[in-house]
Each structure stands twice: as C-alpha cells, then as structure tokens.
Amino acid sequence: MVLPEPYRTFISEISNGSSLGPAGDGGLQPLGRLPAAWPDLGPRQPGEPFPLEEAWPWEDDESVDPDDLRIDAAFNTGSVVLGSEDGLSFWLLLTAGPRRGEVWMIADVGAVPAPGDQAWGFEEWVRCWHTGNDWWG
C-alpha cells in the first residue's frame, strides 16, 4: 500500500505525528498509532478498500443493528487514523478505494466525508486547522 500524498511526504519529511494538532484530542497520531478511545473492532486493514462511497449515518438506518459487520469495516478498512475529536469521533485519511486521499469523520453514529461530499484531502484538512476555521464550514 502506498499512502496518499501529501500525507506520505508529511510523515516522511516533516513529522510522524504532532501533539500540536490538528486533531482536537492529542494531536495528529503517528502512523499506525490509535487514539486511546479507538473502539476495538478487530484488526486494521488500511490496504483494503474503504467500504463507503458516501456518508452513512447508521444511527438513522433502521436496517442496522449494533453488531453490523459493515460498521466494523468502516472503522477498520481502507484508512489510517489521523486523530480523535471530542473523545469518540475520529478523523480518517482514506488509503484505499474510490475515495482514496479524502479525510472522513467516523463515530459511533456514522461516517461522513469532511466537511461534506466534496471532502478535503490531508492538505486542506491541515490548512483548515491551521487557520482556525470551523471544521464544518
């Protein structure tokens, strides 16, 4: 698996993680490290395709039960974890699949591209943090 640019350059030439941010709880996670609050839903598989192509608020989906394997797949496949926000929400950088290179937010209620369907890449995500703008517009 080849990590998306410019994240690959950032971790190899600037810093593999940073306590200064951008994620709200503990900063940018080093590659391969998970935030303390990350749910244990099985092994991570960043080289497998991310299973979603659009936002999925599974808390509103009546066909979903809490043990739905699609939820585990959204947490564990096709991404690296950039960090956490507000304790139980996590920033993902998609590493495989049709939306590779995009930043998404995932939580116990669903997964969405950030800040909307036209998701940011890593560089835009860092720029938003750096300028102090609101994540969601």
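Residues numbered from 1 in each chain as written. Predicted model: local features only at pLDDT ≥ 70, side-chain atom pairs only at ≥ 80, totals over all residues. Heavy atoms only, no water.

### Re the pattern of salt bridges
Following the criterion strictly, the structure yields 5 salt bridges and no others. For the salt bridge of R8 with E5, the shortest nitrogen-to-oxygen distance reads 2.9 Å. For R8, a relative accessible area of 33% corresponds to the partly exposed category. According to the relative accessible area criterion, E5 is partly exposed, its value standing at 41%. Each of R99, E102 and D117 takes part in a single network of salt bridges with overlapping partners. (Salt bridge = Lys/Arg side-chain N within 4 Å of Asp/Glu carboxyl O. Buried < 20%, exposed > 50% of the residue type's maximum accessible area, 1.4 Å probe, protein only.)

### A look at the environment of W58
Mapped onto the elements of the fold, W58 is located in the loop between α1 (7-14) and α2 (69-76). Sequence separation between W58 and D108 is 50 residues; the distance between their C-alpha atoms is 8.6 Å. In contact with W58, not counting residues within four places along its chain, are V64, I71, A74, F75, I106, A107, D108, V109, G110 and A111. A polar side-chain atom of W58 sits 2.9 Å from the main-chain carbonyl oxygen of D108. (Helix = DSSP H or I, 4+ residues; strand = E, 2+ residues; numbered from the N terminus. Contact = heavy atoms within 4.5 Å. Polar contact = N/O pair within 3.5 Å; in protein donor to acceptor, adjacent residues only side chain to side chain.)

### Regarding the side chain of D68
Turning to its location among the elements, D68 is positioned in the loop between α1 and α2. In terms of polar contacts, D68 uses its side chain to reach the backbone amide nitrogen of R70, at 2.8 Å.

### Some thoughts on the packing of aromatic side chains
In this structure the tally under the stated criterion is 9 aromatic pairs. Here Y7 and F122 contribute two aromatic rings whose centre-to-centre distance is 5.1 Å and whose plane-to-plane angle is 75°, an arrangement assigned as edge-to-face. On the criterion of sequence distance, the pair formed by Y7 in helix α1 and F122 in helix α3 (residues 122-131) is long-range, its members being 115 residues apart. Comparing Y7 with F122 shows no difference in burial state: the two are buried. (Phe/Tyr/Trp six-rings, centres within 6.5 Å; stacked < 30°, edge-to-face > 60°.)

### Things to note about unusual backbone geometry
Most peptide bonds take the trans form, and the phi angle of most residues other than glycine is negative. Cis geometry marks the peptide bond from E5 to P6, where omega comes out at 0°. For P6, the position within the fold is in the segment before α1. Cis peptide bonds are those with omega within 30 degrees of zero, and the linkage from A114 to P115 qualifies with 5°. Note on placement: P115 falls in the loop between β4 (110-113) and α3.

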